Amino acid sequence: MSRHSFHELFDRDEAPSASNRSFCTAFAVVFTLIGICKFYQGRASAELFLACAGLFIVFIYKTPAFITPVNALWSRIGHTLSRIISPIILGLLYYSTIVPMGLLMRVAGKRPLPLDFDPQVQTYWITRKPAEPETMLNQF
């Protein structure tokens, strides 16, 4: 169990989430796309990106175990970024949507839940009449 009472255990040591082959394939595709874009722009760095893509393709077929430390490092960077970025994004969403909506509802006098205490009432159940369908024939 974690020292903190978070839902997710951040102090766990876990293996990389992607296999070495899928990790190398993803990086080969990304470096290939960047290299193609650089090539069409006429930049000299295109060869470097395409060489990196070729290197990852070699790792896929020849020595996928060689890339394990890089895959583990990449996974650790991803977990660290998620620990930092997720609370920021969720906080921004909360303070940019939920809080203004609540303030607008208070200003407008809207109360979606009747939460006022009334000592005279025996129950807070709301009796509703169910809407009876006119007919159940020919539904489709």
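Our subject is the structure listed above.
This section reports on the structure supplied with the text.

About the criteria used
Residues numbered from 1 in each chain as written. Predicted model: local features only at pLDDT ≥ 70, side-chain atom pairs only at ≥ 80, totals over all residues. Heavy atoms only, no water. Helix = DSSP H or I, 4+ residues; strand = E, 2+ residues; numbered from the N terminus. Expected span 1.5 Å × (residues − 1). Bend = angle between axes of the 7 residues up to and from the residue. Phe/Tyr/Trp six-rings, centres within 6.5 Å; stacked < 30°, edge-to-face > 60°. Buried < 20%, exposed > 50% of the residue type's maximum accessible area, 1.4 Å probe, protein only.

Take helix α3 (residues 68-108) next. In an α-helix, one turn spans 3.6 residues; hence positions three or four apart end up facing the same way. Over its 41 residues, α3 extends 58 Å from the first C-alpha to the last, a length consistent with the 60 Å expected when each residue adds 1.5 Å. Taken as a whole, α3 carries its principal kink of about 30 degrees at Y94. G109 sits one or two positions beyond α3 and adopts a positive phi of about 80 degrees.

This paragraph deals with the packing of aromatic side chains. Under the defined criterion, the tally for this structure stands at 10 aromatic pairs. Ring geometry for F23 and F56: centres 6.5 Å apart, planes at 80 degrees, overall edge-to-face. Highlighted residues: F23 in helix α1 (residues 20-41) and F56 in helix α2 (residues 46-61), separated in sequence by 33 residues. As far as the burial class goes, F23 and F56 line up, both buried. Residues F39 and Y40 carry aromatic rings whose centres are separated by 5.9 Å and whose planes lie at 65 degrees to one another, so their mutual orientation is edge-to-face. For Y40, a relative accessible area of 69% puts it in the exposed group.

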